[in-house]
Each structure stands twice: as structure tokens, then as C-alpha cells.
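The lines below spell out each chain.
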Amino acid sequence: MASSSVWLIVRPCLIAVFRQVEQVKKEAIKNSVRVSELLVNVVNGCVQEAFIYEKRIEFETRALATSVARFGKQTDQWLAASHGINTDLKEIGDFENWIKTMEYDCKRINDAICNIYQE
């Protein structure tokens, strides 16, 4: 009998403890769900930010590639123009040498004619 009377006294306390445990358990689950949602939101925010940065980098990369291509074409044009100028300068130098040769030849011919005339 003593055992059943102890049980009658302890039973309501155990039921109250179990109810509290269940309530604390429910609150813990609720809080863990909330923490999980917050973590997911933070991670999603970081992923979204990384995606935005990736798009910016892609845009800047395309713009840079376009600029490089434009500068490459411009460089090729400058190289072609400078090659043309170099060719023209060579031709001017060749013409100048030809003129000097002709002048020298004309002087020699003139000197020869003068020598022939004086004799």
C-alpha cells in the first residue's frame, strides 16, 4: 500500500515534468526551425550577393574584351601606317641616293667634257 500511495503522490509530479519536457522540446524544435530559417536566409543572401558580383565581373570582362579587340585593331592600323611611312622613307632615301649618284655622274661627265674641250 505504501508503494501505491507514493505513486499517487509522485504521479502528478511526473506528469507535470513530462508536460514541461514536451513543451520545452516543442519550443526547442520551434527555435531550431527559426535558427535554420535564419541561416538559410543568410546563406541565400550571400549566394545572391555572389551571383550579383559574378554578373558584374562577367559584364566587365566582356567590356574589357571589347576594348582589347578595339585596341588590337587600332594597333594593327598604326602598324600598317608606320610600315607605309617606313617604306616611303626608304624610297625617299633611295631617291636621294639616286640623285647624288646622278649628280656625281653629271659632274664627272661635265669634267670629262671640260677636259676634252680644253685639249
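Before going into details, it helps to say that this report is about the structure given with it. (Residues numbered from 1 in each chain as written. Predicted model: local features only at pLDDT ≥ 70, side-chain atom pairs only at ≥ 80, totals over all residues. Heavy atoms only, no water.)

### Details of the overall build of the protein chain
When you go through the protein chain residue by residue, the secondary structure sums to 1 helix and 0 strands. Taking 2.2 N^0.38 as the reference for a compact globule, 119 residues should give roughly 14 Å; the C-alpha atoms of the protein chain span a radius of gyration of 50 Å, well beyond that estimate. Projected onto its principal axes, the C-alpha coordinates of the protein chain cover approximately 170 × 20 × 10 Å. Burial analysis of the protein chain (119 residues in total) assigns 0% to the buried set. Counting only carbon and sulfur atoms, one obtains 65% of the accessible surface of the protein chain, whose full area is about 11,300 Å². Each charge class in the protein chain can be summarised by its mean position, and for the 15 positive and 16 negative side chains these summaries are 26 Å apart. (Helix = DSSP H or I, 4+ residues; strand = E, 2+ residues; numbered from the N terminus. Rg over C-alpha atoms; globule rule 2.2 N^0.38 Å. Buried < 20%, exposed > 50% of the residue type's maximum accessible area, 1.4 Å probe, protein only. Areas by Shrake-Rupley, 256 points an atom, 1.4 Å probe, with all protein chains shown as cover. Lys, Arg positive; Asp, Glu negative; His and termini not counted. Charge placed at Lys NZ, Arg CZ, Asp CG, Glu CD.)

### Some words on the pattern of salt bridges
In this structure the tally under the stated criterion is 5 salt bridges. E22 serves as the salt-bridge partner of K25, at 3.9 Å between the closest nitrogen and oxygen. On the criterion of helical spacing, the pair formed by K25 and E22 is a turn pair, its members being 3 residues apart in helix α1 (residues 2–118). E58 serves as the salt-bridge partner of R62, at 3.7 Å between the closest nitrogen and oxygen. Of this pair, R62 and E58 both sit in helix α1, 4 residues apart, roughly one helical turn. You can call R62 exposed: its relative accessible area is 53%. (Salt bridge = Lys/Arg side-chain N within 4 Å of Asp/Glu carboxyl O.)

### Looking at a nonpolar patch on the surface
Where nonpolar side chains cluster on the molecular surface, the patch consists of V6, I9, V10, L14 and F18 and spans about 470 Å² of accessible area. Summarising the element assignment, I9 is placed in helix α1. (Patch = residues over 30% accessible without salt bridge, like charges linked within 9 Å, V, L, I, M, F, W, Y side chains within 5 Å.)

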